[in-house]
Structures are given as structure tokens and as C-alpha cells.
Amino acid sequence: MRLSARVDYALRAAAELASVADAAAAGRTRPVTAEQIARAQEIPPKFLESILLQLRRGGIVQAQRGPEGGYWLARPASEISLAEVIRVIDGPLAHIRGQRPEQLGYLGAARALQDVWIALRASEREILELVTLADVAGATLPDRVTELAADPSAWS
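Residues numbered from 1 in each chain as written. Predicted model: local features only at pLDDT ≥ 70, side-chain atom pairs only at ≥ 80, totals over all residues. Heavy atoms only, no water.

## A few points about the confidence of the model for the protein
Reasoning step 1: The share of residues in the protein with pLDDT of 70 or more is 90%, and the mean pLDDT across the chain is 89.
Reasoning step 2: Ranking the helices and strands of the protein by mean pLDDT puts helix H3 (residues 45–57) first, with 97, and helix H1 (residues 5–25) last, with 87. (pLDDT = per-residue confidence, 0-100. Helix = DSSP H or I, 4+ residues; strand = E, 2+ residues; numbered from the N terminus.)

Structure, rendered in C-alpha cells:
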């Protein structure tokens, strides 16, 4: 699986907002500026601005301008999956040469590749839809993810 820098930054920014949302639940309700997110996650500020705009248009974050302005999650972090953030930034999860796996037409000996790509997408989707921003921000990943990550073969 290959994720763009844009997706990586979007997930990190959203996780940062999720951690702030936890603080907000405890009484801290100020929006977070793009500059604060960029600094906390070491994201290039100009790049982050365009990512936050995409996340706003995709319904992941909300924004307010002005001296008290900034960004916050549009919904509780527990309701926003990593898959949703990825789709907002890069579109559908699995593409082969710009096409969805079910649109491919392999012939002969390569025919089974289509099933492989569809199974790969299903596996990817299973994890990315299972994990929420709250899971990441709270470092409380679902058991299935923890089990997979604990397997030494997963690291190579």
C-alpha cells in the first residue's frame, strides 16, 4: 500500500485535532490554528492549509476565521475512520492504473489478478474503516490492528 504525503499529513492533522477534541471535552473548546497543527506535526504550513481546505470541503473539519479562529473536527473523532479521511484526500482506496479493481478485465492466466486486487482492497478497507481518529489520538487501536502490528513479519 502506498499513501501520498498529502494523505499522511491529513491523517496526522486530523489526529492532532482529535487529541484537541479530547481536551475540549474536558472544558477546552478553542479552535486550533493551522500554524499550531503544522508545528505539532511538523507539516509544511502552506501544504497543510490546502489539506485543511480539502478536509473542510469533505466534511471532516470545520473552520472559523478571525482572531479566535482555527479548525476543529466536524464530528466526534470516534465517528471518523481513517478510510474516510483517505477518501476525502485521495479518492477511492484501491485503484490499479486509475481504475477500480472491478472495472479491470484480465484475460487468460492473469484473470485471477482481479480477485487478488478486490481482496486486497477489502483487507485494506477492513483495517482503515475499523480504526478511527479517536483510536489513533488515544493510542488505543482495535485488537485486530494491534495483533497484526505485533507480528514480526508485518515489519518487513
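## Points about helix H5 (residues 113–130)
Reasoning step 1: Taking 1.5 Å of rise per residue, the 18 residues of H5 would be expected to cover 26 Å, and the 26 Å separating its terminal C-alpha atoms lies within 8% of that figure.
Reasoning step 2: Among all positions in H5, only Gln 114, Arg 121, Glu 124 and Leu 128 are buried. Seen along its axis, H5 keeps its buried residues to an arc of 95 degrees; they face one direction.
Reasoning step 3: Looking at the buried side of H5, the elements it contacts are helix H4 (82–90). (Expected span 1.5 Å × (residues − 1). Buried < 20%, exposed > 50% of the residue type's maximum accessible area, 1.4 Å probe, protein only. Arc of directions from axis to C-beta. Contact = heavy atoms within 4.5 Å.)

## Describing the environment of Leu 3
Reasoning step 1: Relative to the helices and strands, Leu 3 is located in the segment before H1.
Reasoning step 2: Residue Leu 3 is classed as partly exposed on the basis of its relative accessible area, which comes to 40%.
Reasoning step 3: Put simply, Leu 3 and Ala 150 are 147 residues apart on the chain and 21 Å apart in space, counted from C-alpha to C-alpha.

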